[in-house]
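Structure assessment
The chain contents come next:
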Amino acid sequence: MPRAVPVWLAHPFRWQRLPVPWPAVVRGALCAGPLLGAGVATGHPAAGVLAGLGAMLAGVNDRPGTRRRGVVHIGLPALAVALGMFAGASLADVGWWLVLALFGIGFVSGAGSVAGPVRSAAGMQMLAAAILGAGMPLPHLEPWTKGLLTLAGAGWLLLLRLVLRSPRPPGGSLSGERGAVATVFDALADALAAVGTPGAEPARRRLTTALDRADEAMRLRRLLRRRPRTDERRLIERFAAATALCEASVALLWEARPLPARVAQGPRALARSLRTGRAPGRLPAPETSTPARSAFDRALLDAAVVFARTQPPAAGTAAGATDERLLRGLRSAAPVDAPEHRVPEEDSGAWAPFGSRAAFETGRWASFVRGVAGVFAWRRGPGRRVFGPAGRDYGLRVGVCIAACTAMALLLRAEHWYWLPATATFLVKPDLGPLFSRTVNRFAGTACGVLVFAVAGLALPDAWWPVVMATAGGALLPFATRHFALQTVAITLMVLSFVHVSGAPEAAPERILDTSIACLIVLVVGHLPRLADPRRRVGPRVGAALHCTEAYLRQVLATEPGTDTGERLALRRAAYQALGEARTAAETAAAELLAHRRGDPDWPTVVKAAERIVDATTAAAVRLDQGAQRPSEEDARRLCAVLTDMATALNSPRPHRPRPLPPPALDSAPNCATLSDVATELERMRGYAGAV
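Cut-offs applied
Residues numbered from 1 in each chain as written. Predicted model: local features only at pLDDT ≥ 70, side-chain atom pairs only at ≥ 80, totals over all residues. Heavy atoms only, no water. Helix = DSSP H or I, 4+ residues; strand = E, 2+ residues; numbered from the N terminus. Buried < 20%, exposed > 50% of the residue type's maximum accessible area, 1.4 Å probe, protein only. Contact = heavy atoms within 4.5 Å. Areas by Shrake-Rupley, 256 points an atom, 1.4 Å probe, with all protein chains shown as cover. Axes fitted to C-alpha atoms, helices over the stretch in contact; angles between N-to-C directions. Parallel < 35°, antiparallel > 145°, perpendicular 65-115°, else oblique. Nonpolar A, V, L, I, M, F, W, Y, C, P; charged D, E, K, R; others polar. Salt bridge = Lys/Arg side-chain N within 4 Å of Asp/Glu carboxyl O. Phe/Tyr/Trp six-rings, centres within 6.5 Å; stacked < 30°, edge-to-face > 60°. Lys NZ or Arg CZ within 6 Å of the ring centre and 35° of its normal. Polar contact = N/O pair within 3.5 Å; in protein donor to acceptor, adjacent residues only side chain to side chain. Core = buried A, V, L, I, M, F, W, Y, C linked by side-chain atoms within 4.5 Å. Patch = residues over 30% accessible without salt bridge, like charges linked within 9 Å, V, L, I, M, F, W, Y side chains within 5 Å. pLDDT = per-residue confidence, 0-100. Disulfide = S-S within 2.5 Å.

Quick notes on the overall build of the chain
Looking only at helices and strands, the chain features 27 helices and zero strands. Evaluated residue by residue, the chain yields a buried proportion of 56% over its 692 residues. The long-range share in the chain, meaning contacts at least 24 apart out of those at least 6 apart in sequence, stands at 81%. As displayed, the chain has an accessible area near 28500 Å², and 63% of this comes from carbon and sulfur atoms.

Structural notes on the packing of helix α3 (residues 32-41) against helix α20 (residues 465-479)
With their axes 7 Å apart at the nearest point, α3 and α20 run at an angle of 160° to one another. Relative to α20, the element α3 is oriented roughly antiparallel. Facing Gly 33, Pro 34, Leu 36 and Gly 37 of α3, the residues of α20 in contact are Pro 466, Val 467, Ala 470 and Thr 471. Tallied by class, the residues present in the contact of α3 with α20 amount to five nonpolar, three polar and no charged.

Focus on the pattern of salt bridges
Counted by the stated rule, this structure contains 32 salt bridges. Across the pair Arg 27 and Asp 62 runs a salt bridge, and its minimum N-O distance is 2.9 Å. Taken together, the positions of Arg 27 in helix α2 (residues 22-29) and Asp 62 in the loop between α4 (45-60) and α5 (67-90) put the pair 35 residues apart, joining distant regions of the chain. Each of the two residues, Arg 27 as well as Asp 62, counts as buried. Linking Arg 638 and Asp 635 is a salt bridge whose minimum nitrogen-to-oxygen distance equals 2.9 Å. Residue Arg 638 and its partner Asp 635 are located together in helix α26 (residues 633-651), separated by three residues, close to a single helical turn. According to the relative accessible area criterion, Arg 638 is partly exposed, its value standing at 22%. Its relative accessible area of 16% is what places Asp 635 among the buried residues. Among the charged side chains, a salt-bridge network with shared partners connects Glu 201, Arg 204, Arg 205, Arg 583, Glu 587, Glu 611, Arg 612, Asp 615, Glu 681 and Arg 684.

As for the packing of aromatic side chains
Scanning all chains against the criterion turns up three aromatic pairs. Between Trp 8 and Phe 436, the ring centres sit 5.1 Å apart and the planes meet at 80°, which makes this aromatic pair edge-to-face. Remark: Phe 436 occurs in helix α19 (residues 435-459) and Trp 8 occurs in helix α1 (residues 7-10); sequence separation between them is 428 residues. The class of Phe 436 is buried, set by a relative accessible area of 17%. Here the aromatic rings of Phe 185 and Phe 307 are separated by 5.8 Å at their centres, their planes lie at 80°, and the arrangement is edge-to-face. Separated by 122 residues along the polypeptide, Phe 185 in helix α9 (residues 175-193) and Phe 307 in helix α13 (residues 291-308) bring together distant segments of the chain. Across this residue pair, the class does not change: Phe 185 and Phe 307 are buried. Taking the ring centre of Phe 307 as reference, the NZ or CZ of Arg 238 above it sits at 4.4 Å. Its guanidinium or amino end placed over the ring of Phe 484, Arg 438 lies 3.9 Å from that ring's centre, counting from NZ or CZ.

A closer look at unusual backbone geometry
Residue Ala 256 is not a glycine yet carries a positive backbone phi of 60°. Positionally, Ala 256 belongs in the loop between α11 (230-255) and α12 (265-276).

Observations concerning the environment of Val 495
Following the sequence through the fold, Val 495 ends up in helix α21 (residues 484-501). A relative accessible area of 9% places Val 495 in the buried class. The spacing of Val 495 and Met 56 is 439 residues in sequence and 8.8 Å in space, taken between C-alpha atoms. Among all residues touching Val 495, those that are not within four sequence positions of it are Met 56 and Trp 419.

Describing the side chain of Thr 549
Locating Thr 549 in the fold gives a position in helix α23 (residues 534-558). The exposure class assigned to Thr 549 is buried, which follows from its relative accessible area of 0%. Polar contacts involving the side chain of Thr 549 include one to the main-chain carbonyl oxygen of Ala 545, which spans 2.7 Å. Setting aside residues up to four positions removed in sequence, Thr 549 forms contacts with Ala 575, Ile 613, Val 614, Thr 617 and Leu 643.

What to know about the packing of α3 against α21
For the pair α3 and α21, interaxial distance at closest approach is 11 Å and the crossing angle is 5°. Classed by the angle they form, the pair α3 and α21 counts as roughly parallel. When α3 is examined against α21, the residues Ala 32, Leu 36 and Val 40 are found in contact with a partner set consisting of Met 494, Ser 497, Phe 498 and Val 501. Classifying every residue of the contact of α3 with α21 gives six nonpolar, one polar and no charged.

Brief notes about the nonpolar core
One finds Val 184, Phe 185, Leu 245, Val 542, Leu 546 and Met 685 to be the most contacted residues of the largest nonpolar core, which totals 87 residues. Here the element with the most residues in this core is helix α25 (residues 603-625); it accounts for 13 residues. Other than its neighbours up to four places away in sequence, Val 542 contacts Ala 582, Val 606, Val 607, Ala 610, Leu 650 and Met 685. Counting 81 residues, the second largest nonpolar core, distinct from the first, contains Met 85, Ala 422, Met 494 and Ile 521.

Focus on the environment of Ala 92
Within the fold, Ala 92 resides in the loop between α5 and α6 (97-111). Residue class for Ala 92 comes out partly exposed when judged on its relative accessible area of 37%. Distance from Ala 92 to Ile 131, taken between C-alpha atoms, is 9.2 Å for residues 39 residues apart in sequence.

Looking at the environment of Asp 677
With respect to the secondary-structure elements, Asp 677 resides in helix α27 (residues 676-690). For the pair Asp 677 and Trp 254, spaced 423 residues apart in sequence, the C-alpha to C-alpha distance is 9.8 Å. Every residue in contact with Asp 677, bar those within four places of it in the chain, is listed here: Trp 254, Ala 616 and Arg 623.

Overview of a nonpolar patch on the surface
A grouping of Val 26, Leu 30, Val 71, Trp 156, Leu 159, Leu 162, Val 163 and Leu 164 is seen on the molecular surface, where their side chains present a nonpolar patch of about 630 Å² in accessible area. With four residues, helix α8 (residues 143-163) is the single largest residue contributor to the nonpolar patch. Relative to the helices and strands, Val 71 is located in helix α5. For Val 71, a relative accessible area of 34% corresponds to the partly exposed category.

A few points about the confidence of the model for the chain
The share of residues in the chain with pLDDT of 70 or more is 80%, and the mean pLDDT across the chain is 81. This stretch, residues 322-365, has a pLDDT under 50; its non-local contacts, to residues over four places away or in other chains, come to 120 contacts. Note on residues 655-665: pLDDT is under 50 here. Beyond four places in sequence and across chains, it has 23 contacts.

Some words on the state of the cysteines
Under the counting rule described, the total for this entry stands at zero disulfides. Cysteine Cys 401 shares no disulfide, and the gap to the nearest cysteine sulfur, in Cys 405, comes to 6.4 Å. Given the relative accessible area of 0%, Cys 401 is considered buried.

Shown next as structure tokens:
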């Protein structure tokens with residue numbers, strides 16, 4: 001039997017299947033190239049290079065989504081790029097002190113990687129801008145001028161995103177948010193169609209991803225508004241209905257009994273109604289064959305009531321009570337810092353839960369200030385603290401690699417030293433992907449880009465050909481997000497165009513040698529012991545999910561059927577969000593070159609076991625809502641204690657020897673089927689957690 005290809009060897013060939021983002025392609029073609037051409041035409045090539053550089057880095061973050069999502073995902077890294085350019089330009093003449101300075105910037109950039117994708121992108125681009133600002137030959141410009149020019153280039157792309165967009169579909173100014181919520185209902189329908197099949201778990205993960213994106217879109221919508229309009233409140237209500245439906249659907253997935261095809265027609269009709277603005281029509285008839293099916297049909301009925309309303313219900317009415325119960329499901333799902341996670345109360349003023357009545361009525365500037373401050377927060381939940389164990393490992397890995405590349409470049413080629421550390425910047429951050437895979441693709445993409453650039457220089461002898469190549473690279477960049485090698489080709493074409501215009505036309509052939517040296521340094525330094533240990537990257541995030549699960553289980557067991565489910569839904573969403581982050585980190589760790597040689601656990605299996613614990617807890621919550629026998633306080637206490645112990649073990653991993661968990665009694669109560677599934681999954685998880 002032929003042996004399977006190792007994951008680390010197969011990963012460089014993975015290709016994402018994504019639709020072509022034509023609006024982003026048009027924006028890319030209108031950004032870096034035209035800005036560079038404007039600088040050349042007006043006799044200010046250095047200004048054109050810096051503006052084009054800012055537009056190029058902003059184009060990397062130009063992904064599909066709502067306009068507000070674009071403002072955050074493009075605007076915040078753009079500010080970091082301007083800061084990095086200012087810092088780098090200020091360090092242009094410090095000599096060998098540059099190695100120490102870039103180590104410090106690299107440490108901050110790497111440590112910020114654990115705080116989320118937006119801050120990670122901002123840190124990476126800040127470091128790249130600092131290196132290019134210190135090394136690119138752009139004289140006669142002050143550091144603050146360079147920073148403003150890069151910010152202007154990014155602002156040009158952001159302006160194009162806000163102005164040039166496709167014709168608005170039904171939904172008016174909420175069309176992007178409506179599309180995000182409709183995607184949740186579509187993913188829900190796909191998950192229901194996959195119940196009882198091998199595709200059930202991947203479908204549930206896609207549903208969680210759709211919920212995360214819709215939640216982000218709705219939160220960004222509320223960030224800049226004092227008081228929501230009627231149509232916005234209706235959309236929030238419908239998203240809350242989708243959240244309640246998703247809980248019941250997870251219970252159906254757990255039961256693993258194939259469902260009739262008509263069950264998935266209900267969510268699809270609701271998705272169609274959101275996109276077209278028409279009534280959803282007739283929904284499938286309810287059925288009470290199982291507790292999970294009864295819960296789903298009840299949630300579907302609540303959703304039908306929400307979709308049938310044209311105005312928010314009046315307070316104090318029966319419809320208002322149902323609406324209030326659904327709205328409180330959209331509470332903050334921030335990562336937890338301790339086993340006893342507390343969701344803010346409704347009367348907490350400016351920090352009222354998103355989607356609650358208090359949030360509607362307290363449209364104060366404090367809400368905006370705290371929301372923006374949350375984007376820059378340095379202290380997050382387990383595994384996401386910037387200066388926690390994982391943050392320090394990330395920072396050291398990036399800082400050491402950048403310092404080593406800078407020192408080597410200053411020794412070999414002092415006049416064009418910046419290419420080596422700039423190459424390492426896009427490789428070494430652990431959250432971007434497996435190091436070996438990115439290194440291979442970076443070298444291949446750079447070689448192809450240099451070859452295309454050289455051929456274009458021979459075929460297009462006119463002085464404007466670098467502008468043409470920058471335009472082509474900008475148009476290719478949004479499409480190239482499906483593979484890192486293709487993205488490297490686009491970036492190489494643009495950077496070589498900038499370097500050519502800035503006065504170093506002979507630099508292109510040297511790029512391949514510089515890239516190979518940088519890749520070798522990154523491979524050696526990036527695999528040194530204790531730099532970005534997977535136990536520190538994955539374990540705390542799984543532990544955070546289990547802490548949320550323990551709080552979720554306590555809330556489930558403490559409330560009676562028919563009471564408010566808002567806090568319960570928020571805790572469940574927090575657990576799945578933490579698990580999504582843990583799965584991404586686990587898949588990256590499993591694809592590293594030395595993943596299985598150093599005795600690391602099978603992290604994807606650990607995360608899968610944790611997901612099943614949350615699924616089992618969700619199914620237990622649904623059964624209790626449908627009148628199942630409630631467990632005794634002693635059974636509940638023992639189970640919550642085991643969850644807490646397991647989360648603590650994952651939060652504090654020991655890298656050299658396994659630490660078996662203590663063996664508390666986990667016997668399921670003979671007359672309590674509600675907790676038996678949770679206890680069973682915990683027993684399966686025990687061996688994985690003890691090996692961490």
